[in-house]
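Here's the letter readout for the chains.
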Amino acid sequence: MYLGIDKGGTRHTFILADAEGEVLHRVQHETDRHAGAQAELESLRQEVVSLLAKASASGSPVKAIGISFGGPVDIRTGRTLLSHHVPGWEGVPLRDLFEEWFGTPTVLDNDANVGALGEWKFGAGAGCCDMVYVNVGTGIGGGVIANGQLVRGERNLAGEIGHMTIDPKGPVCTCGRTGCLESFASGLSIARRYRERFGSGEPEDLSSRAIFEKAGADDPNAKSLITETADYLARGLGAAVSLLNPELVVLGGGLSETGDLLFKPLNELLAKYILPQAVGVRVVPALLGYEAGVRGAVALAMGA
Ligand SMILES: [Zn+2]
């Protein structure tokens, strides 16, 4: 059996899976983001103890553990570098702690890479050899599968499509630079652009989902903003397609649920930014939703 763990911002998800990666048992906890890394570590430890015992009792002990971590990690040392949500995760030797506590091989990676693995092994990219995964949520993350392997790069930063420069004169990005894809097309950026242009009377917390709903109800402002968003995404995806010639681009996160409103213009506009010979590539919605991380963590464990 394999144990996959998705350690997200406020949610920890665990699954026990069989040798094919099929889910046998699933547990989820909401966590208190103010409790800090030590409290989270202890809660992870307790749940893993209980799941390892459950697997052993079933006669099929856990062979390896995979962890999707919501923040950058150093995969060479198995340390977390920081959590985007919870203080105290700087430099925690998570892999070594797990191996010491449980005596079980453990693999750790960031949530973008693990999400890519999940969609590739069990979701929209199943059976495909070359795939780009892009997660558009509050930010934009991504992962690359090339020649049937996850590409990590020298510092595990391959696939950071959210920080491709789309327009150097563009808005300030969360990374501190300007004009990254994330600064135009993340959920937060879509809402900000809408408010700046049309929204003098709109609430501060207007969500990108609400804008897609307006577009679905034929609101012309929302529709034009979404076409423009599709164009920004197409520029970023076009660059990725030119570099990697994938068969599929899998779009995950909140935007994966927008249907034809986004995917139709996005697939049409993508053709503007790629070589005519590459137009066979399709942008498709992710299939696993929030389960991509924990299923990918199982894939990570299976490769351990
Ligand atoms: Zn950036």
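Residues numbered from 1 in each chain as written. Predicted model: local features only at pLDDT ≥ 70, side-chain atom pairs only at ≥ 80, totals over all residues. Heavy atoms only, no water.

A closer look at the pairing of strand 7 (residues 106-110)
Among the five residues of strand 7, four are classified as buried, and the element is accordingly described as predominantly covered. Relative to strand 7, strand 4 (residues 64-69) runs parallel, the two sharing five bridges. The residue bridging Gly66 from the neighbouring strand is Val107, located in strand 7. (Buried < 20%, exposed > 50% of the residue type's maximum accessible area, 1.4 Å probe, protein only. Helix = DSSP H or I, 4+ residues; strand = E, 2+ residues; numbered from the N terminus. Pairing = 2+ DSSP bridges.)

A few points about the packing of helix 3 (residues 111-122) against helix 9 (residues 291-302)
Two elements in contact, helix 3 and helix 9, have axes whose closest approach is 7 Å; the angle formed by their N-to-C orientations is 85°. For the element pair helix 3 / helix 9, the angle class is roughly perpendicular. Contact residues: helix 3 offers Val114, Gly115, Leu117, Gly118, Glu119, Lys121 and Phe122, while helix 9 offers Ala292, Gly293, Arg295, Gly296, Ala297, Ala299, Leu300 and Met302. Grouping the constituent residues of the contact of helix 3 with helix 9 by class yields eight nonpolar, four polar and three charged. (Axes fitted to C-alpha atoms, helices over the stretch in contact; angles between N-to-C directions. Parallel < 35°, antiparallel > 145°, perpendicular 65-115°, else oblique. Contact = heavy atoms within 4.5 Å. Nonpolar A, V, L, I, M, F, W, Y, C, P; charged D, E, K, R; others polar.)

With respect to the domain arrangement of the protein chain
Often, the extent of an interface is quoted as the loss of accessible area on bringing the components together. Examined at the domain level, the protein chain breaks down into domain 1 (2-115 + 291-302) and domain 2 (127-285). Centre-to-centre, using C-alpha coordinates, domain 1 lies 28 Å away from domain 2. Contacts between the two partners involve ten residues from domain 1 and, on the opposite side, ten residues from domain 2. Both sides of the domain 1 and domain 2 interface together cover about 730 Å² of buried area, and 44% of this is carbon and sulfur. Where domain 1 packs against domain 2, one counts one salt bridge. (Domains from an automatic or database assignment. Buried area = accessible area lost by both parts, 1.4 Å probe. Salt bridge = Lys/Arg side-chain N within 4 Å of Asp/Glu carboxyl O.)

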